[in-house]
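Per-entry structural report
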Amino acid sequence: MNGVLPDSALRKLIADGAIRAPIDFTPDQVQPASLDLRLGTTAWRVRASFLAGRGRSVADRLADFEMHRMDLTHGAVLEKGCVYLVPLLERLTLPEGIEAVANAKSSTGRLDLLTRLVTDDGTEFDRLPAGYDGPLYAEICPRSFSVLVRPGMRLNQLRLRQGHAVLDDAALAALHAAQPLVDGEPLIDTGLGFSVDLRPAEGTLVGYRARPHTGVIDLDRIGGYAARDFWDELHGEDGRLILDPGAFYILVSRETVCIPPDHAAEMSPYLAMVGEFRVHYAGFFDPGFGHGPTGAGARGVLEVRCHEAPFALEHGQVVGRLVYERMSAPPERLYGSGIASNYQGQGLKLAKQFRQG
C-alpha cells in the first residue's frame, strides 16, 4: 500500500540491510514514522554549503570546499556562523519504489541549528530518490548558538515513503470531518493552514528571541541551561510583534493540531510570506501528535527568522501549513505513547536543553 512507512517497515529495512550502520541501531532511533540519523566521528569545516551534483560524490567535492578536519570522538564545538559537513553512521540501499525525505529534529530546529541532508548525486537538500544507494552526510550550520557535538548525536531524521501519499484538499476536508484535525474552523488550502498566536489566553508571554552573545550549548545536557542566559522573553498585549532583521524567534501557533494514528504530516511555509520572513520548522509530525481522548491538543512551535527589513507580525496571521500524508500502515507505537516524546501536548516551548520559568 502506498504511503509513509511505519516503524515496523523501518525495522524490516534495517533487518534486510537496506539501512545499515557500522554499529548497532538503538531501539529509540526508530520513531513511529521516521528514523533518527546519527553523527559519525569526523566533521569537516567547509567554506561554503554545496551539493554534489549529478554524477559526482560528496567525497569528491570535499576537496573544493574543505578548510580543516575535526575529530568528534571526545566532543567538538561547531561554531556559530560556520558550515560543517559530517558523515552520518547510516548508509542506504533503498529498494526501487521507496524514496526518502529528511528534516531536522524538533530540538535542532528550536536551537536554530540549520541541518540538512546531503547525498551523492544530489541536486537538492533533504531529498533522496527511489533506489538511492550510498552514504549520507549532514550539513550543519549553527545560526544562533555554538554547540558541542559528539558521535552518535541525532540532529536530523529520515522519513521513507512508497508512491503518492499526500492528501489533496478534498481528502483533507473529509479527514477533518471524520476526526477534527484542528480546533475551530480549518483553513484548507494546499494543506491545513495555521497562524501565529500573539494574544495568549493566560499572561503576556508571546515568544522568545535568541540573545546574540551566549555560551556554548552541549546538546547532551537536557535541562542543563537557564533559558534567560540564551533567550529574551517577549511580552505583549496588543497582538503585534515587530521582527528585527537577522533575529531568531520562537513563537507558537494559535491552533492546536492533531495527527491521527494512520497519518503523518510535514510543516511547510506559505510561499507568499517568504519575502519578508522565513518560518523554519522541525518538519515532521509523527502519527499520534496531539492525539488523545481530548482530540486536537498540541500546538505547533514556530521558528522564525526575519529577513532584511523589520516586519510587523499580527495575531492570527497565517504563516504556514501542515501537509498530511497517509501511512502505508499504522505504526506499532504512536508519538507520545511509551516513547521519549519531548514535545507531546506542547505549547510555547524551547528546546529540551533549556529550563523555562
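The structure displayed is predicted, hence computed values, not measured ones. (Residues numbered from 1 in each chain as written. Predicted model: local features only at pLDDT ≥ 70, side-chain atom pairs only at ≥ 80, totals over all residues. Heavy atoms only, no water.)

**Focus: the domain arrangement of the chain**
Annotation of the chain at the domain level lists domain 1 (3-162) and domain 2 (169-326). Here the C-alpha centroids of domain 1 and domain 2 sit 24 Å apart. Counting residues at the interface gives 34 residues for domain 1, matched by 29 residues for domain 2. For the pairing of domain 1 and domain 2, the buried interface totals around 2,400 Å² over both sides, and the portion due to carbon and sulfur atoms is 54%. Three residues stand out in domain 1 for area buried against domain 2, namely Arg110, Phe145 and Arg159, and they jointly supply 26% of the buried area on that side. Our count for the contact surface shared by domain 1 and domain 2 stands at 5 salt bridges. In this structure, Asp286 and Arg159 form a salt bridge, with 3.3 Å as the shortest nitrogen-oxygen distance. Run the count over domain 1 and domain 2 and you get 13 residue pairs in polar contact (both at pLDDT 80 or more). Those elements that place two or more of their residues in the side of domain 1 that touches domain 2 are strand 1 (3-4), strand 8 (98-104), helix 3 (106-110), strand 12 (147-149) and strand 13 (156-162). Considered class by class, the residues forming the side of domain 1 that touches domain 2 number 16 nonpolar, 9 polar and 9 charged. (Domains from an automatic or database assignment. Contact = heavy atoms within 4.5 Å. Buried area = accessible area lost by both parts, 1.4 Å probe. Salt bridge = Lys/Arg side-chain N within 4 Å of Asp/Glu carboxyl O. Polar contact = N/O pair within 3.5 Å; in protein donor to acceptor, adjacent residues only side chain to side chain. Helix = DSSP H or I, 4+ residues; strand = E, 2+ residues; numbered from the N terminus. Nonpolar A, V, L, I, M, F, W, Y, C, P; charged D, E, K, R; others polar.)

**What to know about the UniProt feature "domain: 2'-deoxycytidine 5'-triphosphate deaminase N-terminal" (unreviewed entry) in the chain**
In this numbering, the UniProt entry assigns the feature "domain: 2'-deoxycytidine 5'-triphosphate deaminase N-terminal" (unreviewed entry) to residues 2-163. Taken end to end, residues 2-163 is 14% helix and 42% strand, and its first and last C-alpha atoms sit 5 Å apart. (UniProt positions renumbered as here; feature names shortened; annotations may be inferred.)

**What to know about the environment of Ile23**
On the secondary structure map, Ile23 appears in the loop between strand 2 (19-20) and strand 3 (35-37). Along the sequence, Ile23 and Val319 sit 296 residues apart, while their C-alpha atoms lie 41 Å from each other. Beyond its immediate stretch of four places on either side in the chain, Ile23 contacts Arg38 and Leu89.

**Concerning the nonpolar core**
With 52 residues, the main nonpolar core has Leu39, Leu158, Leu160, Ile217, Leu219, Trp231 and Phe354 as its most contacted residues. At 4 residues, the largest contribution of residues to this core is made by strand 7 (residues 83-93). When we break this core down by domain, the ones giving at least three residues each are domain 1 (3-162) and domain 2 (169-326). When sequence neighbours within four positions are dropped, the list of residues in contact with Leu160 reads Gly3, Val4, Leu5, Leu10, Leu13, Ile19, Leu94, Ile98, Glu99 and Ala100. Counting 33 residues, the second largest nonpolar core, distinct from the first, contains Leu192, Phe194, Val206 and Phe285. (Core = buried A, V, L, I, M, F, W, Y, C linked by side-chain atoms within 4.5 Å. Buried < 20%, exposed > 50% of the residue type's maximum accessible area, 1.4 Å probe, protein only.)

**Quick notes on unusual backbone geometry**
The residue Asp112 is not glycine, and still its phi comes out positive at about 55°. Among the secondary structure elements, Asp112 is positioned in the loop between helix 3 and strand 9 (113-119). Relative accessible area serves as the criterion here: at 6%, Asp112 is assigned to the buried category. Unlike most non-glycine residues, Thr190 shows phi in positive territory, near 55°. If you trace the backbone, Thr190 turns up in the loop between helix 4 (169-178) and strand 14 (192-195). Residue Thr190 is classed as partly exposed on the basis of its relative accessible area, which comes to 48%.

**Focus on the state of the cysteines**
Scanning all chains against the criterion turns up 0 disulfides. Not part of a disulfide, Cys82 finds its nearest cysteine sulfur in Cys141, a span of 7.7 Å. Residue Cys82 is classed as buried on the basis of its relative accessible area of 10%. (Disulfide = S-S within 2.5 Å.)

**Structural notes on helix 2 (residues 58-65)**
Listed in full, the buried residues belonging to helix 2 are Val58, Arg61, Leu62 and Phe65. Down the axis of helix 2, the buried side of the element spans an arc of 120°, and every buried residue falls inside it. With respect to the buried face of helix 2, the exposed residues turned more than 90 degrees away are Asp60 and Ala63. The elements touched by buried residues of helix 2 are strand 4 (42-46), strand 5 (66-71), strand 7, strand 9 and strand 11 (133-142). (Arc of directions from axis to C-beta.)

**Re the sheet that holds strand 16 (residues 217-218)**
For sheets, the rule is that strands pair by backbone hydrogen bonds, running either parallel or antiparallel. Overall, mixed pairing links the 3 strands, which are arranged 6-12-16 in an open sheet. With one partner strand each, in any of the chains shown, strand 6 (76-78) and strand 16 form the two edges of the open sheet. (Pairing = 2+ DSSP bridges.)

**Observations concerning the pattern of salt bridges**
Tallied over the entire structure, the rule returns 20 salt bridges. Its salt-bridge partner being Asp16, residue Lys12 comes within 2.8 Å of it at the nearest N-O pair. With Lys12 and Asp16 both in helix 1 (residues 7-16), this residue pair falls 4 residues apart, about one helical turn. Using a relative accessible area of 52% as the deciding quantity, one classes Lys12 as exposed. Two residues, Asp36 and Arg154, come together in a salt bridge whose shortest N-O distance is 3.2 Å. Of the two residues, Asp36 sits in strand 3 while Arg154 sits in the loop between strand 12 and strand 13, which places them 118 residues apart along the sequence. Here the residues in one salt-bridge network are Asp28, Asp36, Lys105 and Arg154, joined through shared partners.

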